[in-house]
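# Results of the structural survey
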Amino acid sequence: MSDSSEREERPAGLHAEEIDEAEQVVGERAEEMALGEKERAGARGRRALTTAAWTAPGAVWLLFFLLAPVMMIVLVSFWTRTVSGFESVWTLENYEFLFDSNVYWEQLWNSFWHSLVIVALSLLLGFPVAYFLAICVTSLRFQIALFIIALAPFWTSYLIRAVAWIPMMGRQGALNTALQELGLISEPLDILLFSDFAVTVAMLQLYILFMVAPIFFMLAQIDRSSLEAARDLGANAFKTFREVVLPQSMPGIVIGSIFVFILTMGEFATVRIIGGGTVSSVGTIVQTQVASVQFPQAAASAVFLVLAMILGVFVLLRFSNLREDL
Amino acid sequence: MPGRWTKRILAVYFVLFLLFLYGPMIVMAALSFQGPQGTVTFPMRGLGFHWWNELVSGSRADTIRETAIRSLQLSIVSGLVVAVLAFTLSMSYRRRFRLDGVLFYLVMLALMTPGILLSLGTSFFWRFMDQQTSLWQTALGTNVVWGLPFAFLIMVAVWNRYDSTVEEASRDLGASGFRTFREVTLPLVWTGLLGAFLFGFTLAWNEYDRTALLAAGKNTLPLEIFALTVGSVIRPDLYALGTATTAVSLIGVGLFLLAAAIVLRRRAQTTGDVREEYGDVETSGGLAAGVPGSHTP
């Protein structure tokens, strides 16, 4: 953003942020100009102190409960296992063990792939919802109401929503019964519970909101008259979609994809509830290792889970330059 | 604009989408109102409050009540801490400062770190420091980390639409910094704070992963629900419990929306009254307010 060559490309479009910044600087300078040399330094120092005071509580909390734990995982993955936990003796044993474990890599790949499938499905199924809410619903009040109804499950327990799939699936579940009543199948389908399919459907329901919301927020910024203009200028529906709607929604799509990807990659509880014991994920592997007090190995597994996530996010970021487009 | 048929098809699709979201929960709620012979799947066997009775006075009732109260306490405290931290953190983002980018990424990292890793790392960290994990020292910490980024983004959005000139006006009229804060700033942003609290509260109320390895034997409600689901035979009283906790969440959201609607209406009224008395006042938020948020060339 501070790259001068980029700024030259569009001299007319000053960033709102830059204007903000300039305004702030002007204000500060004006304040300072009214003061003497000594007081000027004092004013600057006071501002820095105020900022430090405002940031400190949150920053300290995040340091303690986010950064330290994440770094701890990396550290422990290089430490030695003891009967009751770990001791700070450096070793590569955990990684050697991990590299020898085919099950782990298979699982990591499965989780990675599975998450990408869920990302694609949630985009495919979620985009029309966001489009409908943002473009087709014209009354603002109605739009907000429908958006809240669509988003309300976010505030409910994901465990419960996973549990709620149990009566739907299963051999005598609502879905099997309905399909049999309709005469579409003669025997109940077994794939409906404790299977990859079941986990996919449940996760889709749990996390599709994270795709719908960001796309909605981006699409809601489209000036509806620009769609009319596109049509008046002779663009057909497909062209309007490709050249107006899609570019505008791209940052939302990327943010949503990252959300869904990360959340499903690290998923553990849903897999356990819907998948029974038959479906596993990297999360359940980590959990099993923790349960058998193999902390350093669990840490090593976690490290590669995070690396896979970073790789995935990196790939997804290729689709849009968020800093530019937002 | 999309054609009429596109709209209709999408409307039908939207209804199907809501069915997909809410269907399972509705089915679950229905199955909780079965008679004593009820099982976890259809068909419904009898009607009645048997399983709800079981929930409040059966063999598991004491544990469930205990964990529910504990969860409620944790969620309320978590919501308060989240609101306070999101507020203070967002206050510093009203102007640019050194390291603001780094701190922003740290907040986003809180959003991106999988819960299971957070609770694993925290348990390591506490073990490393030779401390016992406990609900209030560690589980509260990780639950707040989960709610904080959402609340922070809300507060940043609130400040973006906030007109700082009213604070200047207040100062120019001779109010002290604290008085300005209490009588001008706070009344204008408290809906945002309430929203921040709501996120902190509901996310902690429902959180399993981030509490899992840290509660040290003192289960919260989600932990209890997980144990009931995975560790034992599922009975319809679990559905009753699920329906109840969902109701708590939805009632919380509903109350918040109600409060927000009332405040907005009152504020609109006050603005109207002021207009009537003093004529229309230009309420532009300075130079930046005239510039649209997007800046595509």
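In this text the structure is predicted, and so the values were computed from the model without any measurement. (Residues numbered from 1 in each chain as written. Chains lettered and ligands numbered in written order. Predicted model: local features only at pLDDT ≥ 70, side-chain atom pairs only at ≥ 80, totals over all residues.)

## Focus on the overall build of chain B
Helix and strand counts for chain B come out as 11 helices and zero strands. Each helix (α) and strand (β) of chain B, taken in turn from the N terminus, gives the series α-α-α-α-α-α-α-α-α-α-α. Taking 2.2 N^0.38 as the reference for a compact globule, 297 residues should give roughly 19 Å; the C-alpha atoms of chain B span a radius of gyration of 24 Å, well beyond that estimate. Counting only C-alpha atoms and orienting by the principal axes, one finds that chain B spans roughly 70 × 65 × 40 Å. For chain B, the proportion of its 297 residues judged to be buried stands at 38%. Pairs at least 24 apart in sequence give 75% of the contacts found in chain B among residues at least 6 apart. (Helix = DSSP H or I, 4+ residues; strand = E, 2+ residues; numbered from the N terminus. Rg over C-alpha atoms; globule rule 2.2 N^0.38 Å. Buried ≥ 20, exposed ≤ 12 C-beta atoms within 10 Å, placed from the backbone. Contact = placed C-beta atoms within 7 Å.)

## Side note on the interface of chain B and chain A
The partner chain A presents 76 residues to the 78 residues of chain B that form the contact. Residue assignment for the side of chain B that touches chain A shows that the elements contributing at least two residues are helix H1 (4-31), helix H3 (61-92), helix H4 (100-112), helix H5 (115-128), helix H6 (135-160), helix H8 (177-206), helix H10 (221-230) and helix H11 (236-278) of chain B. Counting residues per element, the side of chain B that touches chain A draws most heavily on H1 of chain B, which supplies 14 residues. Grouping the constituent residues of the side of chain B that touches chain A by class yields 53 nonpolar, 20 polar and five charged. (Nonpolar A, V, L, I, M, F, W, Y, C, P; charged D, E, K, R; others polar.)

## Remarks on the confidence of the model for chain B
Residues and elements named next belong to chain B. Looking at chain B, the pLDDT average stands at 83 and 93% of residues meet or exceed 70. Confidence drops under a pLDDT of 50 for residues 282-297, and excluding neighbours within four residues, the segment shows 21 contacts in the predicted structure. Prediction confidence for the complex, expressed as pTM and ipTM, is 0.82 and 0.82 respectively. (pLDDT = per-residue confidence, 0-100.)

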